[in-house]
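# Coordinates in review
Read off the chains here:
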Amino acid sequence: MSHFLPLSRVTKLAEISRHALQEMIRNGKLDTFDGMVELNELLRAFPDAKWDDDAEFRRITEIKEKAFGKRVFERALPDKEVLAARLFELGNEYAATKALLMHYSNVLSWLDEKIDEIEEDKSNETRHALHTLRAFIVRHLAEIPPDAAKVQALIAQERILKIMSAHVTIKPSGHEFIVESNDTLLEAALRAGVSLDYGCSNGNCGECRARLISGEVRKVRAHDYVLSQVEKDAGVVLLCSCAAVNDVVIEANVAGAKDIQEQHLVAKAKSVEVFNPRVAALHLMAPRSQRLRFLAGQSIRLSARGMSGLYPIASCPCEERHIEIQIMRNADDAFSQLLLDGLKVNDSVELEGPYGEFVLEDASTRPIIFVAFGIGFAPIKSLIQHAMSLDLAESIDLHWLADEAGHYQNNLCRAWADALDNFNYVPHAPATDVKATIANIANDYPDLHRFDVYAAGTAAQLQTAKRIFLEHGLPKQHWWTGTVDA
Ligand code: FES
């Protein structure tokens, strides 16, 4: 009996990044069938994996939880109806396997009797051959295959994952992600960095409609939007209301920067996080009924008390209603003073946007270099979290060229580097000679043509950096920039 596993689940079981797994497939080190990996192939490709030891996996998870500071501790069991459906399905699978084993056992008994029957009236030679055959069968049935313990441990881990989560494939883009806890399909997609179409995110607008191609979903959030009978018959579901019961394939559109319409909403000020006397972050919360739809790296216009300003968003869309804006203190800028010092908790701030196309080329698996000049770290932070969610880049290097505000989130960058094997953080002290610093960075990459470079800073800094990176062999089409005001 073959047992196939989807790639996203393989990454979890083998504790390997999605990029590394795809490299193995490309290099012929791991065979797949229809995007799935057969269990014995998995054991062959990872001979040294300790399938029954998840201590290291737990340790890495703990480090990541601390590093990312997300509300991972809130994650709980799946919705109880989804859990019941998954257990029911597992029970059915167990019953079918048991019935099959009973059938095999009956066939063996029947074979045994048949051998007895044939033996009675055959020559010595035939009897000897049948005796040998029976001994062969008995011996092999009694023998425990050398990989039995590994297979058992691997299946047990995979079963637990299947109860706790479901695997989703999006067609035609081919994106894959896992739905955990009591997340809806939309929440899980956004958390995984997959920007599916949606509007209100709470069952009113119908913009998250998508077609279920295979698998089973269950409604876990109420919705007011009414699907027509034709839509229901065609398998249309609302992604913001449904969770996956088992592994599903869904037809849905993955949006690019140009697909996301400008939105207007009113958020509430929640807190100001002071990094140092020069820079702080304003944390906003979008309303439950209208979360802001944007891509990592984009900007937004903030307005309050008759003033406004355009800022890059420092948080990632995976953080749901939370929006972080990083702001330099500037005595000449009345609006920045209002945002950091003049707002009280729950004061309203109008949001308009998103704007800009400084977003990740999310189909690329090339290694990424992020270059942040000063507070250009804000959009880069959002992009890094998005790249981490996608887990597709071969490696991620962050070069942060500080200005007088310093590396104000140094600990966060170091925590990322501690948590992820493929993340490198290089802080650069404020330099008088920016050109020389950039040239030194570019010199460190003799194979720059293989990389994507995302840089955020002032127009002048970006112009200088672009010239130097291109001179060092970076293809023009691998260069992306986001301009920020110093
Ligand atoms: S996003 Fe509006 S109904 Fe789902």
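Small disclaimer: the values here were computed from a predicted structure and weren't measured.

## Considering the overall build of the protein
A tally of helices and strands in the protein yields 14 helices and 20 strands. Taken along the three principal axes of its C-alpha coordinates, the protein extends 110 × 55 × 35 Å. The burial tally for the protein puts 47% of its 486 residues in the buried class. Sequence separation of at least 24 residues holds for 72% of the intrachain contacts in the protein that already meet a minimum separation of 6. Put simply, the protein shows about 24400 Å² of open surface, and 52% of that area lies on carbon and sulfur atoms. Each charge class in the protein can be summarised by its mean position, and for the 53 positive and 69 negative side chains these summaries are 3 Å apart.

## Points about the side chain of Q298
Relative to the elements of secondary structure, Q298 occurs in the loop between β11 (279-285) and β12 (299-304). For Q298, a relative accessible area of 2% puts it in the buried group. In terms of polar contacts, Q298 uses its side chain to reach the backbone amide nitrogen of L295, at 2.8 Å. For Q298, the contacting residues outside a window of four places in its chain are A257, I260, P312, I313, P354, Y355, G356, F358 and V359.

## Notes on the packing of aromatic side chains
Under the criterion given, the structure shown has 12 aromatic pairs. Pairing F377 with W400 gives two aromatic rings, centres 4.0 Å apart and planes at 10°, and the pair type is stacked. Linking F377 in helix α11 (residues 377-390) with W400 in strand β17 (residues 396-401), this pair joins segments that are 23 residues apart in sequence. Judged by relative accessible area, which is 0%, F377 ranks as buried. Ring centres of W416 and F423 lie 5.7 Å apart, and the angle between their planes is 70°; on these two criteria the pair is classed as edge-to-face. No difference in accessibility class separates W416 from F423, as the two residues are buried. Ring pairs connect the aromatic residues F275, F377, W400 and Y408, which therefore count as one cluster.

## Details of the sheet that holds strand β18 (residues 423-428)
Strand order in the open sheet formed by 5 strands is β18-β17-β16-β19-β20, and the pairing between neighbours is parallel. The outermost strands of the open sheet, each flanked by one partner alone, are β18 and β20 (479-483). Here the strands of the sheet are splayed against their neighbours by 15° on average, with no regard to which way each runs. With respect to the sheet, helix α14 (residues 459-471) is in contact with β16 (368-373), β19 (452-457) and β20, its orientation differing from that of β20 by roughly 170°.

## Quick look at helix α13 (residues 434-443)
Of the residues making up α13, those classed as buried are T437, I438, I441 and A442. Here the buried residues of α13 occupy an arc of 135° about the axis, which is enough to place them on one side. For α13, the exposed residues set more than 90 degrees away from the buried face come down to N440 and N443. Buried residues belonging to α13 abut β16, β17, β18 and α14. For α13, the N-terminal capping position is held by D433, with its side-chain oxygen 3.4 Å away from the main-chain nitrogen of K435.

## Quick word on the nonpolar core
Counting 35 residues, the largest nonpolar core has F370, L398 and F423 as its most contacted members. If you tally residues by element for this core, the top one is α11, at 7 residues. Counting only domains with at least three residues in this core, you end up with domain 4 (258-355) and domain 5 (368-483). Core analysis: the second largest hydrophobic core is formed by 31 residues, A166, I170, F177 and A210 among them.

## Things to note about the packing of α13 against α14
Where α13 meets α14, the closest approach of the two axes is 9 Å, and the angle between their N-to-C directions is 35°. In this structure, the crossing between α13 and α14 has a hand that is right-handed. Listed contacts from α14 to K435, I438, A439, I441 and A442 of α13 are T464, A465, R467, I468 and F469. Its residues assigned to classes, the contact of α13 with α14 comprises 7 nonpolar, 1 polar and 2 charged.

## Remarks on the sheet that holds strand β13 (residues 307-312)
Strand order in the open sheet formed by 6 strands is β13-β12-β15-β10-β11-β14, and the pairing between neighbours is antiparallel. If you trace the sheet from one side to the other, it starts and ends with β13 and β14 (322-328), each paired once. The average undirected angle you get between the axes of adjacent strands in this sheet is 35°. Of the pairings in the sheet, the one linking β12 to β13 comprises 6 bridges and is antiparallel in character. Along β13, the bridge assignment pairs I300 with Y311. Along the sheet face, helix α10 (residues 334-342) touches β10 (263-276), β11, β12, β13 and β14 and points at about 80° away from the line of β13. Against the sheet, α11 makes contact with β13 and β14, and its axis sits at roughly 150° relative to β14, the strand it touches most.

## Looking at the domain arrangement of the protein
It is common to report an interface's size as the accessible area lost on association of the parts. When the domains of the protein are assigned, the result is domain 1 (4-49), domain 2 (80-160), domain 3 (165-256), domain 4 (258-355) and domain 5 (368-483). Spacing between the C-alpha centres of domain 3 and domain 4 amounts to 28 Å. Between domain 3 and domain 4, the residue contacts involve 13 residues of the former and 13 residues of the latter. Summed over both partners, the interface of domain 3 with domain 4 buries about 1100 Å², with 41% contributed by carbon and sulfur atoms. The three residues of domain 3 that bury the most area against domain 4 are L190, Y198 and G256, which together make up 45% of that side's buried surface. Summed over the shared surface of domain 3 and domain 4, the number is 1 salt bridge.

## Some details on the state of the cysteines
In the structure shown here, the tally under the stated rule is 1 disulfide. Bridging C316 to C318, the disulfide has an S-S length of 2.1 Å. Its torsion about the S-S bond being 135°, the disulfide of C316 and C318 is classed as right-handed. For the pair C316 and C318, a shared accessibility class is recorded, and that class is buried.

Conventions adopted
Position numbers for residues start from 1 in each chain and track the written sequence from start to end. Residue-level local features of this predicted model are given only where pLDDT is at least 70; pairs of side-chain atoms are given and counted only at 80 or more, and the full residue set underlies all totals for whole chains, interfaces and linings. Water and hydrogen atoms play no part in the side-chain values, which are based on all heavy atoms of the structure. Only DSSP runs of H or I with at least four residues qualify as helices, and only runs of E with at least two residues qualify as strands; both kinds are numbered from the N terminus onward. For the exposure calls, accessible area comes from a 1.4 Å probe over protein chains only, and a residue counts as buried if that area is under 20% of its type's maximum, exposed if over 50%, partly exposed in between. Residue contacts follow a heavy-atom distance rule, with two residues in contact if any of their heavy atoms lie within 4.5 Å. Only the protein chains shown count as covering a residue, and every accessible area follows the Shrake-Rupley method with a 1.4 Å probe. Charge convention: Lys and Arg are scored as positive, Asp and Glu as negative, and His as well as the terminal groups of each chain are ignored. A charge is said to be at NZ when it belongs to Lys, at CZ for Arg, at CG for Asp and at CD for Glu. Polar contact criterion, stated in full: a pair of N or O atoms within 3.5 Å, where within protein one must be able to donate a hydrogen and the other to accept it, and residues adjacent in sequence count only if both atoms are side-chain atoms. Pairing of aromatic side chains requires ring centres within 6.5 Å, counting the rings of Phe and Tyr and the six-membered ring of Trp. Pairs whose planes differ by under 30 degrees are stacked, by over 60 edge-to-face, and all others tilted. Note on pairing: DSSP must find at least two bridges between two strands before they are called paired. Working convention: axes come from line fits to C-alpha atoms, limited for helices to the stretch in contact. Angles between N-to-C directions cover 0 to 180 degrees. The reported arc concerns the directions from the helix axis to the C-beta atoms and nothing else. We define a nonpolar core as any set of buried Ala, Val, Leu, Ile, Met, Phe, Trp, Tyr and Cys residues linked to one another through side-chain atoms lying within 4.5 Å. Boundary definitions for the domains trace back to an automatic or database domain assignment. Should the near helix be turned anticlockwise from the far one by less than a right angle, the crossing is left-handed, and should it be turned clockwise, the crossing is right-handed. Just so you know the grouping, Ala, Val, Leu, Ile, Met, Phe, Trp, Tyr, Cys and Pro go in nonpolar, Asp, Glu, Lys and Arg go in charged, and all remaining residues, Gly too, go in polar. By definition, the buried area sums, over both parts, the 1.4 Å-probe accessible area that each loses when the two are put together. What counts as a salt bridge is simple: a side-chain nitrogen of Lys or Arg found within 4 Å of a carboxyl oxygen of Asp or Glu. We call a pair of cysteine sulfur atoms a disulfide when they lie within 2.5 Å.

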